[in-house]
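A closer look at the structure
In case you want the letters, here they are:
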Amino acid sequence: MEKRRLLLDVKVKRGADVGSDYQLITALIQLKLRATGKKVLSRKRFDIDKLEDIKVKRDFAIKLQNRYQVLENSVRDENETLDENCNEISDIYTKCSEECIGYKQKTKKKDWITHGTRSISEGSESKQGNLLTSVKEQEKRWAEHFSEILNRPSPKELPTIPEPSFELGISIEPPTISEIVAVVKTLKNGKTPGSDNLNAELTKTDPILAANTLQPIFHKIWKELIVPTEWDKAIDWVMRQTTADIPRGIRWRTFTILEDLDFADDIAMLSHTHQHIQEKSSRIEKYAGQIGLKINTKKTEVMSLNTNNPAPIIINGKSLPQTDTFTYL
């Protein structure tokens, strides 16, 4: 027993005879505490649902305009860096968000599918309207249904696309206010914010103001050919932390190493052993969680070469799916 190692000394304390075979004992125990590691605190998210209220949205836009006007009227340092410019704008949106909408309160998650919907989905019908009761019949009907919807016959004639006769007049000048406004309006709602914790809905509250605040930064990026540190930080930071003190990639030849890859929001990790790739995967999950990112266990796949019955890679208590092909863009 593992617990016996904790007992250093045991003594029996005999007492008055009361017709019982139980005796009082005292024990000297040495406690061994397990290191739990630092608890990663999740970031608080702004309650952007409040922006659906017209009054709250208007007040938020007014506060943004007032703070931005104060920033514009203040004496600016000509040697101010690009990171400092971005931090000033980020602070404006953060403070206005804290004052107008506040942070979202944690609520109990609802079931992703209700009992009523589940009971309806449990039964299916054939094309003739007959109820299918067996599992095999239902699976066959679902396969038939999706085959008709998703599968399309190949075109009888391939399209003929002629070569372009002239070059397109694409501007290589810095983006204009109207172009930035158009891009801000196309931002998708409900997306996870970046390292600055600012949702797309905050900038879409007043696209013109957002364009006016961002255009000087874009011009500086265009001219100096650099980007703010925060913009190039998330995935690269996760990658650097993951491979900080462990071997990177795999040895391809005697003096050649095939490196781990990262591009945009994708990461491809390479390892020779199951233990090594499991360790890398766990580290990615850990460091990604520190900046508000999560690994999608349904889209993340594992490809094993020259291995029969490979052991599963576990992320967040779930096994990652195996694949035989891999495309990296």
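Thresholds, definitions, all that
- In this convention, every chain numbers its residues from 1, walking through the sequence in written order.
- Predicted model: local features are reported for residues with pLDDT of at least 70 only, side-chain atom pairs are reported and counted for 80 or more only, and whole-chain, interface and lining totals are derived from all residues.
- In computing side-chain values, all of the structure's heavy atoms are included and hydrogens and water are not.
- Put simply, DSSP marks the helices as runs of H or I at least four residues long and the strands as runs of E at least two long, and each gets a number from the N terminus on.
- A simple rule labels every residue: compare its accessible area, found with a 1.4 Å probe on the protein chains alone, to the largest value its type can have, and call it buried under 20%, exposed over 50%, or partly exposed in between.
- We call two residues in contact when some of their heavy atoms are within 4.5 Å.
- Using a 1.4 Å probe, the Shrake-Rupley method yields the accessible areas, and only the shown protein chains count as cover for residues.
- What the arc describes is the spread of directions from the helix axis to the C-beta atoms.
- By salt bridge we mean one thing: a side-chain nitrogen of Lys or Arg within 4 Å of a carboxyl oxygen of Asp or Glu.
- The definitions used throughout rest on a 1 Å grid laid over the protein atoms alone, on which a cavity is an enclosed set of points accommodating a 1.4 Å probe that cannot get out and a pocket is an open set flanked by protein within 12 Å on both sides along at least five of seven lines; lining residues are those having an atom within 4 Å of a point.
- Grid points are joined across faces, edges and corners, and a volume is the space filled by probe spheres set on the points.
- Each residue receives one of three labels: charged for Asp, Glu, Lys and Arg, nonpolar for Ala, Val, Leu, Ile, Met, Phe, Trp, Tyr, Cys and Pro, and polar for the others, Gly being one of them.
- Take the buried residues of types Ala, Val, Leu, Ile, Met, Phe, Trp, Tyr and Cys, join any two whose side-chain atoms come within 4.5 Å, and each joined set is a nonpolar core.
- Within the patch definition used here, like charges are joined within 9 Å and nonpolar side chains (Val, Leu, Ile, Met, Phe, Trp, Tyr) within 5 Å, considering only residues with over 30% relative accessible area and no salt bridge.
- Helix span is expected to be 1.5 Å times the residue number reduced by one.
- In this description, a line fitted to the C-alpha atoms serves as the axis of each element, helices being fitted only across the stretch in contact, and the angle between N-to-C directions of two axes falls anywhere from 0 to 180 degrees.
- The scheme is simple: roughly parallel for angles under 35 degrees, roughly antiparallel for over 145, roughly perpendicular for 65 to 115, oblique for anything else.
- Two helices crossing with the near one rotated counterclockwise from the far one by less than a right angle form a left-handed crossing, whereas a clockwise rotation gives a right-handed crossing.

Turning our eyes to something else, we now look at the overall build of the chain. A tally of regular secondary structure across the chain gives 9 helices and 10 strands. Across the 329 residues of the chain, 24% fall into the buried class. If you take every contact in the chain between residues at least 6 apart in sequence, the share linking residues at least 24 apart comes to 57%. Just so you have it, the chain exposes about 26700 Å², and 54% of that area is on carbon and sulfur atoms.

Here we come to helix α5 (residues 177-185). Listed in full, the buried residues belonging to α5 are I180, V181 and V184. Buried positions in α5, seen along its axis, are confined to an arc of 100° and lie on one side of it. Lining the buried residues of α5 we find α6 (200-204) and α7 (207-224).

The next point concerns the pattern of salt bridges. The final tally for this structure, using the stated rule, is 4 salt bridges. In this structure, the salt-bridge partner of R67 is E99, at a minimum N-O distance of 2.7 Å. Taken together, the residues R67 in helix α1 (residues 54-73) and E99 in helix α2 (residues 82-100) connect sequence positions 32 residues apart. Residue R141 is joined to E144 by a salt bridge in which the shortest nitrogen-to-oxygen separation is 3.5 Å. Of the two residues, R141 and E144 are both situated in helix α4 (residues 135-150); the distance of 3 residues between them amounts to about one turn of the helix. Taking the relative accessible area as the measure of exposure, R141 reaches 16% and is therefore buried. Classification of E144 as partly exposed rests on a relative accessible area of 33%. Several salt bridges converge on common partners, so that one network encompasses K63, R67 and E99.

On to the layout of surface pockets. The probe, sized like a water molecule, is rolled over the atoms to show the empty space still left. In this structure, the second largest pocket spans a volume of roughly 180 Å³. Y68, L71, E72, R76, N85, E88, I89, T213, P216, I217 and K220 are the residues that line the second largest pocket. For the lining of the second largest pocket, the elements supplying multiple residues, two or more each, are α1, α2 and α7. The leading source of residues in the lining of the second largest pocket is α7, at 4 residues. By residue class, the composition of the lining of the second largest pocket is 5 nonpolar, 2 polar and 4 charged.

A separate point is the nonpolar core. Counting residues in each nonpolar core, the largest one holds 21 residues, and the members touching the most others are F46, F60, L64, Y93, I101, L202 and I217. Listing elements by their share of this core, those giving two or more residues are α1, α2 and α7. Broken down by element, this core gets its largest block of residues, 7 residues, from α2. Once you skip the residues sitting within four places of it in the chain, I101 turns out to touch F46, D47, I48, K50, L51, V56 and L202. V238, M269, V302 and I315 belong to the second largest nonpolar core, which has 12 residues in total.

This part takes up a nonpolar patch on the surface. Together, L7, V10, V12, I25, I29, L31 and L33 make up a nonpolar patch on the protein surface, roughly 730 Å² of accessible area in all. Residue contributions to the nonpolar patch peak at 3 residues, all from strand β1 (residues 7-13). Considering the arrangement of structural elements, one finds V10 in strand β1. Judged by relative accessible area, which is 43%, V10 ranks as partly exposed.

A rise of 1.5 Å per residue sets the reference length of α1, with its 20 residues, at 28 Å; its end C-alpha atoms lie 29 Å apart and thus fit the reference within 8%. Listed as buried for α1 are F60, A61, L64, Y68 and L71. The buried residues of α1 occupy an angular sector of 95° when projected down its axis, which confines them to one face. For α1, exposure combined with an orientation more than 90 degrees from the buried face picks out V70 and N73.

Before going further, it helps to examine the packing of α1 against α7. Across the interface, α1 lies against α7 with an axial gap of 10 Å and an inter-helix angle of 25°. Classified by the angle their axes make, α1 and α7 are roughly parallel. Of the two elements, α1 crosses α7, and the hand of that crossing is left-handed. Across from L64, Q65 and Y68 in α1, the residues of α7 making contact are L209, N212 and T213. In terms of residue class, the contact of α1 with α7 is made up of 3 nonpolar, 3 polar and no charged.

What follows is about the side chain of S281. Here S281 shows up in helix α9 (residues 274-290). The exposure class assigned to S281 is buried, which follows from its relative accessible area of 11%. Aside from chain neighbours lying at most four places away, what touches S281 is I295, I313 and I315.

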